[in-house]
Amino acid sequence: MTQAAGANSEREVLPDSRQRLAARFGALACLACCVCAVMAALFKGVGFEGPAVFFLVVYILSQPQKVLRSQWIMAVLLIGTGVILAALHGSVLTALWEGGRGTLMFILLFASVTLLQYPAMRSPSMQVVRVMVTNLPPGKRYLWLSMASHFLSAITNFAGFALLASFVAASAAGDLRKRMALALSRGFVAASTWSPFFLAMAVVVSLMPSLRWLDVAAPGILLGLCLILFGSFYDHVTRKDAPPAVSAPMPPIKGRNAAMLRLGLLSAILVGGVAAFDAVAHLSMSATIAIVVTVFSLSWFAILAANRAPDRLPVHAHEYATDLVDSVAGLRGLSVLFIAANILGQGVSAAVDGQLLVQAAAGIGISGIWWIPFLLGVILGNMADENLR
């Protein structure tokens, strides 16, 4: 009986240890991919893109089970369509290569944001701001929760949002929780209008070499703030007939002003560092973010580790590494989908002349959502013409 129990426990431990080894191997492959991608941005034409794509594929295949079945199905459909379209013009290898190469900037951005999560979640200043904002009285709470979510997410991406959301989930219930969740979501989404650490902004700036991040940051901040103010106004109007909430006085929060000052300084260093490096180095936005955020995150972690105190969350290098391995594991599904989407895009560009397509669409008044059936019709017509030939 004892021997049987021991054998069963050994069978359970072995798969776990193999999975953990595979996770670490995948994290190292992701690291190698990012390093090669940054080197490719720094030293163009040297040949670092090939190893970067290779390590990206190794990273994905090291734990394919981490990719959802629905993601694999969608990826197969997109890749299959892209390969068929590219095959009609003899450019299958080009489509596959560009699919992997085009995903490098996404994996750089995702990995950079992952580096920020551990120090952000354990920062005493972030904890103080979280307590302060979520304890504001009714009438102020919605607006300031949106603002806190906006600016914390702008510098730490999902980490700031998760930090505030965890407190709201534990301290609010019912209709109040829904409203606070909406305030968090609106602030988080509005940050994508200017923050370089959001995918939308990084992609736009990376794909338009003549456009610098500073060119869109200022109007983006104004747009984001307008969205937040409109959301707060709409919440106030829709809640006008609700009975007034009884609020307890805000508890005294030790170190509130110092925490706000430190977070403001951190934000200025991070955002200013990205802006300065972007202006000087003239690299792609994803490579700029990868370099600046890596230095910033490791420095932030070192400061937290050097200033330990009994009333602070513990900070350990082993925990940081483990958190990175676990977080990086979740990026495989996104990487697969971006590779598939890039391959599909290469197939479509091979099958259709983009300039002629734009001119034809403008001639017959195609715009907005009607671009989708128009593009599909052009692709199918092109395929039929190739088959007739």
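Note that the structure is predicted; figures quoted are calculated from it, not measured.

**Student:** I'd like a rundown of the nonpolar core, residues and numbers included.
**Tutor:** In terms of nonpolar packing, the biggest core is built from 50 residues, with Leu145, Phe197, Trp213, Leu270, Met285 and Trp300 touching the most fellow members. For this core, the leading source of residues is helix H12 (residues 285-306), giving eight residues.

**Student:** Tell me about helix H5 (residues 124-134), residues and numbers included.
**Tutor:** Taken across its 11 residues, H5 has nine buried, putting it largely inside the fold. All of the buried residues in H5 are Ser125, Met126, Gln127, Val128, Val129, Arg130, Met132, Val133 and Thr134.

**Student:** How would you sum up the state of the cysteines? Please name residues and give values.
**Tutor:** With the rule as written, the count across this model stands at zero disulfides. Counting only cysteine sulfurs, Cys34 is the nearest neighbor of Cys30, a cysteine outside any disulfide, at a range of 4.3 Å. Unpaired in terms of disulfides, Cys36 finds its nearest cysteine sulfur in Cys33, a separation of 7.4 Å.

**Student:** Any details on unusual backbone geometry? Residues and values, ideally.
**Tutor:** Residue His282 is not a glycine yet carries a positive backbone phi of 55°. Tracing the backbone through its elements, the reader meets His282 in the loop between helix H11 (256-281) and H12.

**Student:** Just give me the short version of a nonpolar patch on the surface, but keep the residues and values in it.
**Tutor:** Nonpolar side chains collect at one region of the surface, where Phe230, Phe233, Tyr234 and Val237 lie side by side and expose about 450 Å² of accessible area between them. Turning to its location among the elements, Phe230 is positioned in helix H10 (residues 213-238). Phe230 gets classed as exposed once you look at its relative accessible area, which sits at 55%.

**Student:** I'd like to hear about the pattern of salt bridges, residue by residue, with values.
**Tutor:** For the structure on display, the rule yields five salt bridges. Linking Arg20 and Asp326 is a salt bridge whose minimum nitrogen-to-oxygen distance equals 2.9 Å. A residue pair is termed long-range when its members are at least 10 positions apart, and Arg20 in helix H1 (residues 2-42) and Asp326 in helix H13 (residues 317-329) qualify at 306 residues. With relative accessibility at 27%, the residue Arg20 sits in the partly exposed group. The class for Asp326 is partly exposed, based on a relative accessible area of 43%. Here Glu98 and Arg101 are joined by a salt bridge, their closest N and O atoms 2.8 Å apart. Highlighted residues: Glu98 and Arg101, both in helix H4 (residues 92-121), separated by three residues, approximately one helical turn. Linked by salt bridges that have partners in common, Glu49, Glu98 and Arg101 make up one network.

**Student:** Provide a residue-level description of H10, including the pertinent values.
**Tutor:** At 3.6 residues per turn, the α-helix brings residues three or four places apart onto the same side. Its 26 residues place the ends of H10 36 Å apart at the C-alpha level, agreeing with the 38 Å of an ideal helix rising 1.5 Å per residue. The largest bend in H10 amounts to roughly 25° and is located at Pro219. If you check which residues of H10 are buried, you get Trp213, Ala217, Gly220, Gly224, Ile228, Gly231, Ser232 and Asp235.

**Student:** Now, about the packing of helix H6 (residues 141-156) against H10: what can you tell me, with residues and values included?
**Tutor:** Two elements in contact, H6 and H10, have axes whose closest approach is 9 Å; the angle formed by their N-to-C orientations is 155°. Relative to H10, the element H6 is oriented roughly antiparallel. Read as a crossing pair, H6 and H10 show a hand that is right-handed. Residues Tyr142, Leu143, Ser146, Met147, His150 and Phe151 of H6 form the contact with H10, whose participating residues are Gly224, Leu225, Ile228, Leu229, Gly231, Ser232 and Asp235. Of the residues belonging to the contact of H6 with H10, the class tally is seven nonpolar, five polar and one charged.

Calculation rules
- Residues numbered from 1 in each chain as written.
- Predicted model: local features only at pLDDT ≥ 70, side-chain atom pairs only at ≥ 80, totals over all residues.
- Heavy atoms only, no water.
- Core = buried A, V, L, I, M, F, W, Y, C linked by side-chain atoms within 4.5 Å.
- Buried < 20%, exposed > 50% of the residue type's maximum accessible area, 1.4 Å probe, protein only.
- Helix = DSSP H or I, 4+ residues; strand = E, 2+ residues; numbered from the N terminus.
- Disulfide = S-S within 2.5 Å.
- Patch = residues over 30% accessible without salt bridge, like charges linked within 9 Å, V, L, I, M, F, W, Y side chains within 5 Å.
- Areas by Shrake-Rupley, 256 points an atom, 1.4 Å probe, with all protein chains shown as cover.
- Salt bridge = Lys/Arg side-chain N within 4 Å of Asp/Glu carboxyl O.
- Expected span 1.5 Å × (residues − 1).
- Bend = angle between axes of the 7 residues up to and from the residue.
- Axes fitted to C-alpha atoms, helices over the stretch in contact; angles between N-to-C directions.
- Parallel < 35°, antiparallel > 145°, perpendicular 65-115°, else oblique.
- Left-handed = near helix turned anticlockwise from the far one by under 90°.
- Contact = heavy atoms within 4.5 Å.
- Nonpolar A, V, L, I, M, F, W, Y, C, P; charged D, E, K, R; others polar.

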